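Examination of the molecular architecture
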Amino acid sequence: MATPPLPQPAVAKKSPERLIVAIEDVNDLWESIRGNLEARVPFKKASLNNKARNLVLVDKLVVEFVQTTDARLRRGLPGEQSLLSYGFRRPYAWLIVVTCDDLDEYKNLLKPRLKTIVQAEDHEWFIVFVSKATTDSAVKISKRVYSRIEGDFSSKKRERCCKVDLHGPDTSVWEEIELKIVECIRYSLDRRVQYYEEEVRKLSENRFMPAWNFCNFFTVKESLAFMFEMANLREDALREYDELEQIYSETVNAPHANTSAFGGLDAGDDCAALLDGTRKPVSQFAADGTVREFDFRQYLFSRQASLLFNLLRPAEVSGRGHSFIILFAKILTQHEKDLPFCMREIWVITACLALVKATSRRFSAAIVTPDTVKDFYRLQGDLYSYARTKLMRLADLIGYGHNIETSPCNSAALSMLPWPRPAVWPALPPDISRVQAKEQISPPKLSEGLGRLRKQLSLSPTVLLREANRRRASLSVGNLAEMLDLSRLSLKESPAADAADSAPAPLPPSTLPDEPISGAHSSSPEVLQKQNSIEPPMKLPEVQAAAEHALLTSISDETLRMALSSVEGFEDFFLELTRAAADNFHRSWRKRHGVVLDGEVAAVHYRRGALDAAAKLYEKVCALYGSEGWHALLVQVLPRLSECQKKLSDWAGYLSSCIKLLSLDPGPISNEDRSSIQAEIVKLAHGGLPVPVSLDVSTLITFAARGGPPLELCEGDPGTLMVTVWSGFPDDIIMDSLSLTLVTTFTADEGTKVVKSVDAPVLQPGKNRVLMTLPPQKPGSYVLGVLTGHIGQVKLRSHTYCTTSAASSKGGPPDSDDYLSNEKPLRTVLEVAKPRALVEIKPAITKGLLFGEPQWVGLIVRPLNYSLEGARVHISTGPNLQFLSDQTALLEVSKPLLAEANAPSSTDIDGMKTFHNMLENGDSLNTDDNVNGILDYDTDMPQHLLMKDGSVELPDWARMVASVLWVQVKADSDDTLCSHFSGDPHLSSPPPSPKKVPLMSPDSQIKGLTTASSANGPHATADSLHESLQHGTTGQGHVLPNGSLVSRFGMKTLKVKMEFGVSRSRLYERTIALQFTHPFRISTRIVSRGNDGRFLLQITLNSQLAAAVTIQSANLLLQPGFAHVNNHEGHPTPAWLLPLSVSASSECALLFAIRSDPVTAKDGEYEVDYHAARRVNRSSNRILAKYFSVRQLSEP
Amino acid sequence: MSSTACFVIVSRNDSPIYESEVGTAPKKDEAAHLHQFILHASLDIVQDVVWNTNNMFLKLVDKFNDLLVSVYVTAGHTRLMLLHDSRNEDGIKNFFQEVHELYIKMLLNPLYVPGSRITSPFFDTRVRALARKYL
């Protein structure tokens, strides 16, 4: 069977080599066992020693069986070629296949031959004895021969023989052979590794000798690496390459390194070969003795990469590749002058793409840790964005700069990256059409609308024109004068300075958005004129055309050439790279990198008119910058987003972008711009919006309630709420209306209430006060919710409720980063109390009022922590109680003393105290404007109030303080209504009275009463009434048929109705019972009876009054049948008894002498009508008074 | 030799609360933009690095062309970020530590709400002085 030719060394490096096992086929038996052996390849469990002499289990050890007769092996025999370079390819094991079925034959022929083979060379061998015996005798003989072989060749240390029975059933022998082969390989490998390592050690020791040649070192080292790779010890192989790379770098960077050619000048070199180790015959370097750095470094990397790929570590390739590309790009920069135009950029782009392609094809996220996955995608993203940057540089160079967005991302990448610096700038292409095409490129239109807010960023480190002209062939020939001119042209001549400082000194920086077209023509004409005398300098289109021509002719990578040959191609390629970079960054959790690149994708979409896609991506970018508060960056993107939204008629989005622009830090946007944005919003709001739009202006408008305690309202009361609104708009903004939601706290139901402002407000920039009308609310605590303003079709919502006025006074949003608590404390602005009693009206006196006399009735009106402002008291009377509906009532402050006397509740006293405290502090709720009014009134003087139709309005001062309203009533004694008290009718205490009753005409008061009583009182005659007018008090009594005369008590009712609260919406009604009584309890007794029908009648008067009274006169009216003795007119006997002073609650008696008068008598029945009129002795004043004060009681 | 440096304090919720260009290089309008862009992007890397070390000073975390980003993270996860082109690591460390002290003093101010923008001119002056001293 034909054996494949052993590959040529140079070619062999292409494919992984296999370990060779040599077959010494002595008896032509190889073919019979070959199938069985080759079936076991690759060996499953081979244990080999690695470089550190540790046993390593190698799975899939691939070996190749080659017969010694093969031409390849013969060439590889020792001595024929360099041991160093090819030694590792020699067979690692020798398999000697023999058979023999005769002892003599063995002894005479085979044994000597085997001895020769075994001793011929220092190699690892073992003998496979193949037995073809089928009969028992033959088997016996072969066994005997085999034992002889074993005895001759095997030692105790090492078994070197094994026997294969071709016809036997045992198959385990093949496994034994495999083990033996592996053993041989292991021994050979160890020996060879040791040998090579020794060589490497020797060579590296001499590294600093002048005659040392890296190529030799490389050959040895790489041989070692190959050997490891063949033995599947790839880790060790990789380590060899790593060491090789390190030593190479040291060699190259050594100060006295002989500078051989860098390379990179061959055709196709611009296309990176970092993963393709076969492009250049590297062994050729070794042969030539020169190593070209450009090729060699790429070759080394490709070897490392392929080993890593075989080790299933594509992520590591990615990582190493990234740093390799960066390092290599730096090396290329150092040699830029010797390399073709823009070689570095092209190489980086191709290298990045090749690396990304190769690694992502082999990468599987399933078999590595999440961190590795993250890292891998990060590297892919980095590679893509690196390629993208270089692509932008090339595009900018050939005049596609207008198609590159001047975003911070691109600007940062490009303006810090120097222009290419070839030794000579490429010359103009022969065809002028290219130049004309470049001339026709119009500069980008200046953005309209909000786009002008974006800062114009530079995309170039310096002016390309200057950079190019400096390197013109004709100028760089060494003309000293021109050099001076140029150095004058640019003060920053050195490349380092160029990189550090991108501001071109002679050019106005404002003209440099990207390509300095205008700047180029206007810049330093005098300098250009000087150059004119030698050769006209290239104009920018010419520079670009020249660059384009040079690039398109030199680029060997088809994709890149397509990308650079047209604007569309560039944009496509650019978009692809950007998108891929963004995707990978997103996958690696680098959201900021990803989102920024999304913005770049959006820019391309925008330019191509795919506004929808652009807006979506821009929104992402804006959301990122906005949420993190990087306003300087946001202002670069937001205007573009708003342009998209405007063009898409996404008015809600557009307006909200405008709002966001307004709410940015004032720095990046001028005041005029802010004003114009506001004008735009207002214009749109008042027309042009198809549907109403709701905008969140929380960042722009903030609001807060007044400081201090919350406004307290009673349930059902309307009110007003003062809200402070901070407007961040640059100018006044006129709202159609402003409303605010109030949110109840601690209640799940009954969500929010909307309250509106009193009038349509104009919000000025900064602080505004807005008054909100509160309709009657349900009980509960309320906090501020959402402020909503309406302008035309636009609804502005603000959720930002300021907790601290310090934060809001700046106009900015309050800080959301609260270190201590996540929840902002909600401040209650409104407390609506639960329904409760708001006012109480009690009578000051209920008992001891006298019948038939005008009596002052006091009503204590006590507000219970509620203002009685504007309250009206309406009084009406029950039956038999006369009340003058138009009278002058008196109102005085209810003093605590009086309140105590009337057994007030403690809360009332508290209320009073609070009120007095409030008076003293002058700090009361809702009363600040009326404080003076309260303090004005004279607490000693009751105030006269004019009552109309039974109604009286309480004055202002009485709204928070308990007061007593005195009104006059008069009760008639009526039999039907009289009730008889069985209890003690004793008066408990004297009724209070207005302290200083102002002087007034008694007649005016009583006259009305008189007429009223004359109509109602059936028992009062005109005389007696007149008497009562005279004497002031009238008492009436009846003597009951049983002879005892008792006084009568009557309950009368007084209905009090009070309207109070805001717009008198609340009503308080109470019926007050008043107990009226007669002044005396009267009883009669006949003291003595004469025979003549005369008798002496004693009338006992039991005073019911709590004060002393003087009875001025008394007369007894008799029924017919009785007559006074002595024909008196009914005066008591003796007459001097009168006037009689009766002290309080005491008894007195009057005697009357009467006789029966037969003329008028009726059969034994009699009735005494008693009428007593007394004049009350009032020493203090002489007016009519119905009550006796405590003070009067103590008077003598 | 002029140096470029841009110092930014980034609050816990990633928003910049203090910015200053502390380099000696001539001021350029657009440079501030670019510096902010670079610093903002490197927040991505900081969030990875910050959990891998116990130190507050994270040293170099990012590179952008010739510019380097060094970061110092306080216990409250406020990040002091410096964009610089010099490689004076000790100086930067000292600078960070002293600014951290200043920042803590700032936090002690009851009128300063943590996480809001630092507007104190005193703070600004002190930071610039420190930058001159150490950078």
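Residues numbered from 1 in each chain as written. Chains lettered and ligands numbered in written order. Predicted model: local features only at pLDDT ≥ 70, side-chain atom pairs only at ≥ 80, totals over all residues. Heavy atoms only, no water.

Looking up chain B in an unreviewed UniProt entry gives the name Trafficking protein particle complex subunit 2, with the organism given as Ceratodon purpureus.

Under an unreviewed UniProt entry, chain A has the name Trafficking protein particle complex II-specific subunit 130 homolog and belongs to Ceratodon purpureus.

Along its length, chain A carries 36 helices and 40 strands. Classification of the 1196 residues of chain A by burial places 51% in the buried group. Considering only residue pairs separated by 6 or more positions, chain A has 76% of its internal contacts joining residues 24 or more positions apart. For chain A, the exposed surface amounts to about 55100 Å²; the carbon and sulfur share of it is 53%. (Helix = DSSP H or I, 4+ residues; strand = E, 2+ residues; numbered from the N terminus. Buried < 20%, exposed > 50% of the residue type's maximum accessible area, 1.4 Å probe, protein only. Contact = heavy atoms within 4.5 Å. Areas by Shrake-Rupley, 256 points an atom, 1.4 Å probe, with all protein chains shown as cover.)

A count of helical and extended segments in chain B gives three helices and five strands. Starting at the N terminus and walking to the C terminus, you meet the elements of chain B as β-β-α-β-β-β-α-α. Sorting the 135 residues of chain B into buried and exposed places 53% on the buried side. Total accessible area computed for chain B in this model is approximately 6300 Å², and 52% of it derives from carbon and sulfur atoms.

So, on to the pattern of salt bridges. Opposite charge on two side chains allows them to pair when their charged atoms are near. Residues and elements named next belong to chain A. Tallying each qualifying case throughout the model produces 49 salt bridges over all chains. The residue lysine 51 makes a salt bridge to glutamate 240 at a minimum N-O spacing of 2.6 Å. Residue lysine 51 is located in the loop between strand 2 (46-49) and strand 3 (55-58), and its partner glutamate 240 is located in helix 9 (residues 234-253); the two are separated by 189 residues in the primary sequence. One exposure class covers both lysine 51 and glutamate 240, and it is buried. The salt bridge partner of arginine 303 is glutamate 229, with a shortest N-O separation of 2.4 Å. With arginine 303 in helix 11 (residues 293-310) and glutamate 229 in helix 8 (residues 214-230), the pair connects residues that are 74 residues apart, well separated along the chain. (Salt bridge = Lys/Arg side-chain N within 4 Å of Asp/Glu carboxyl O.)

Of the residues lining the interface, 37 residues belong to chain A; the matching set on chain B comes to 35 residues. Across the chain A/chain B interface, buried area totals approximately 3200 Å², and carbon plus sulfur atoms make up 56% of it. The tally of links from chain A across to chain B stands at four salt bridges. Of the charged contacts in the structure, one is a salt bridge between arginine 592 of chain A and aspartate 44 of chain B, with a shortest N-O distance of 3.0 Å. Counting every contact that joins chain A to chain B gives seven residue pairs in polar contact (both at pLDDT 80 or more). Secondary-structure elements contributing two or more residues to the side of chain A that touches chain B are helix 15 (408-415), helix 25 (591-608), helix 26 (611-628) and helix 27 (631-647) of chain A. Element by element, the count of residues in the side of chain A that touches chain B is highest for helix 15 of chain A, at six residues. Its residues assigned to classes, the side of chain A that touches chain B shows 17 nonpolar, nine polar and eleven charged. (Buried area = accessible area lost by both parts, 1.4 Å probe. Polar contact = N/O pair within 3.5 Å; in protein donor to acceptor, adjacent residues only side chain to side chain. Nonpolar A, V, L, I, M, F, W, Y, C, P; charged D, E, K, R; others polar.)

Residues and elements named next belong to chain A. Relative to the 21 Å expected for 15 residues at 1.5 Å per residue, helix 22 (residues 540-554) spans 21 Å between its end C-alpha atoms, a close match to the ideal helical length. The buried fraction of helix 22 is high, at twelve of 15 residues. Regarding helix 22, the residues found buried are Leu540, Pro541, Glu542, Val543, Gln544, Ala545, Ala546, Ala547, Glu548, Ala550, Leu551 and Leu552. (Expected span 1.5 Å × (residues − 1).)

This paragraph deals with the environment of alanine 427 of chain A. For alanine 427 of chain A, the position within the fold is in the loop between helix 15 and helix 16 (433-440). Considering only alpha carbons, one finds alanine 427 of chain A and glutamate 542 of chain A, 115 residues apart in sequence, at a separation of 9.0 Å.

With that settled, the discussion passes to the packing of aromatic side chains. Enumeration according to the criterion identifies 31 aromatic pairs over all chains in this entry. Ring geometry for tyrosine 866 of chain A against phenylalanine 1060 of chain A: centres 5.7 Å apart, planes inclined by 80°, an arrangement best described as edge-to-face. With tyrosine 866 of chain A in the loop between strand 22 (854-863) and strand 23 (872-877) and phenylalanine 1060 of chain A in strand 31 (residues 1049-1060), this pair connects stretches of sequence that are 194 residues apart. Here tyrosine 866 of chain A falls in the buried class, since its relative accessible area comes to 7%. Members of the aromatic cluster, connected to one another through ring pairs, are Phe7, Tyr18, Phe57, Tyr72, Phe95, Phe96 and Phe123 of chain B. Sitting above the plane of the tyrosine 92 of chain A ring, arginine 192 of chain A keeps its charged end 4.1 Å from the centroid. In this structure, arginine 1089 of chain A is placed above the aromatic ring of phenylalanine 1095 of chain A, and the distance from its NZ or CZ to the ring centre is 5.9 Å. (Phe/Tyr/Trp six-rings, centres within 6.5 Å; stacked < 30°, edge-to-face > 60°. Lys NZ or Arg CZ within 6 Å of the ring centre and 35° of its normal.)

So, about the nonpolar core. Grouped together as the largest cluster of nonpolar side chains are 245 residues, with contacts concentrated most on Ile177, Ile181, Ile185, Phe214, Trp347 and Tyr625 of chain A. Sort the elements by how many residues they give to this core and helix 7 (residues 172-205) of chain A lands first, with twelve residues. Tyrosine 625 of chain A has contacts with Val596, Trp630, Leu633, Leu634 and Val637 of chain A together with Phe37 and His40 of chain B, leaving out every residue within four places of it along the chain. Leu868, Val952, Val969 and Met1058 of chain A belong to the second largest nonpolar core, which has 38 residues in total. (Core = buried A, V, L, I, M, F, W, Y, C linked by side-chain atoms within 4.5 Å.)

Note on sheets: strands pair through backbone hydrogen bonds, and any given pair is parallel or antiparallel. All names here are of chain A. Spatially, 4-1-5-6-7 is the arrangement adopted by the five strands of the open sheet, whose pairing is parallel. In this open sheet, the two strands that pair with only one neighbour each are strand 4 (63-67) and strand 7 (161-165). Strand-to-strand, the axes of this sheet are offset by a mean angle of 25°, without reference to chain direction. Of the strand pairs in this sheet, strand 6 (residues 125-131) and strand 7 are connected by five bridges, and their pairing is parallel. In the sheet register, phenylalanine 129 faces strand 7, and the bridge partner there is lysine 163. Running over the sheet, helix 2 (residues 30-38) touches strand 1 (19-25), strand 4, strand 5 (93-98), strand 6 and strand 7 and is turned about 175° from strand 4. (Pairing = 2+ DSSP bridges. Axes fitted to C-alpha atoms, helices over the stretch in contact; angles between N-to-C directions.)

Time to look at unusual backbone geometry. In this model, aspartate 949 of chain A sits at a positive phi of 50°, which is unusual for a non-glycine residue. Relative to the elements of secondary structure, aspartate 949 of chain A occurs in the loop between strand 26 (943-946) and strand 27 (951-953). In the Ramachandran plot, histidine 77 of chain B falls in the positive-phi region, its phi being about 65° despite a non-glycine side chain. Within the fold, histidine 77 of chain B resides in the loop between strand 4 (67-73) and strand 5 (79-84).

Residue and element names in this part refer to chain A. The strand order across the open sheet built from four strands is 33-34-39-37, with neighbouring strands paired in antiparallel fashion. Of all the strands in the sheet, just strand 33 (1080-1089) and strand 37 (1122-1124) have a single pairing partner and so form its edges. Taken over all neighbouring pairs, the strand axes of this sheet differ in orientation by 40° on average, direction set aside. Bridge count between strand 33 and strand 34 (residues 1094-1103): nine bridges; the pairing is antiparallel. From the neighbouring strand, arginine 1085 faces strand 34, where its bridge partner is glutamine 1098.

All names here are of chain B. Running from N to C, helix 2 (residues 89-108) and helix 3 (residues 121-134) cross one another at 165°; their axes reach a closest spacing of 9 Å. Taken together, the axes of helix 2 and helix 3 lie roughly antiparallel to each other. Once helix 2 is placed against helix 3, the crossing between them reads as right-handed. Mapping the contact onto sequence places Gly91, Asn94, Phe95, Glu98, Val99, Leu102, Tyr103 and Met106 in helix 2 and Phe123, Arg126, Val127, Leu130, Ala131, Lys133 and Tyr134 in helix 3. Considering only residue class, the contact of helix 2 with helix 3 consists of ten nonpolar, two polar and three charged. (Parallel < 35°, antiparallel > 145°, perpendicular 65-115°, else oblique. Left-handed = near helix turned anticlockwise from the far one by under 90°.)

Our focus in this paragraph is the confidence of the model for chain A. All names here are of chain A. When pLDDT is averaged across chain A, the result is 72; 73% of the residues are at 70 or more. Per-element averaging of pLDDT across chain A places helix 36 (residues 1190-1194) at the bottom with 31 and helix 24 (residues 567-587) at the top with 91. With pLDDT under 50 throughout, residues 804-823 is counted as low confidence; its partners more than four residues away or in other chains account for 28 contacts. The model gives residues 975-1047 a pLDDT under 50, and that stretch makes 124 contacts with residues more than four places away or in other chains. (pLDDT = per-residue confidence, 0-100.)

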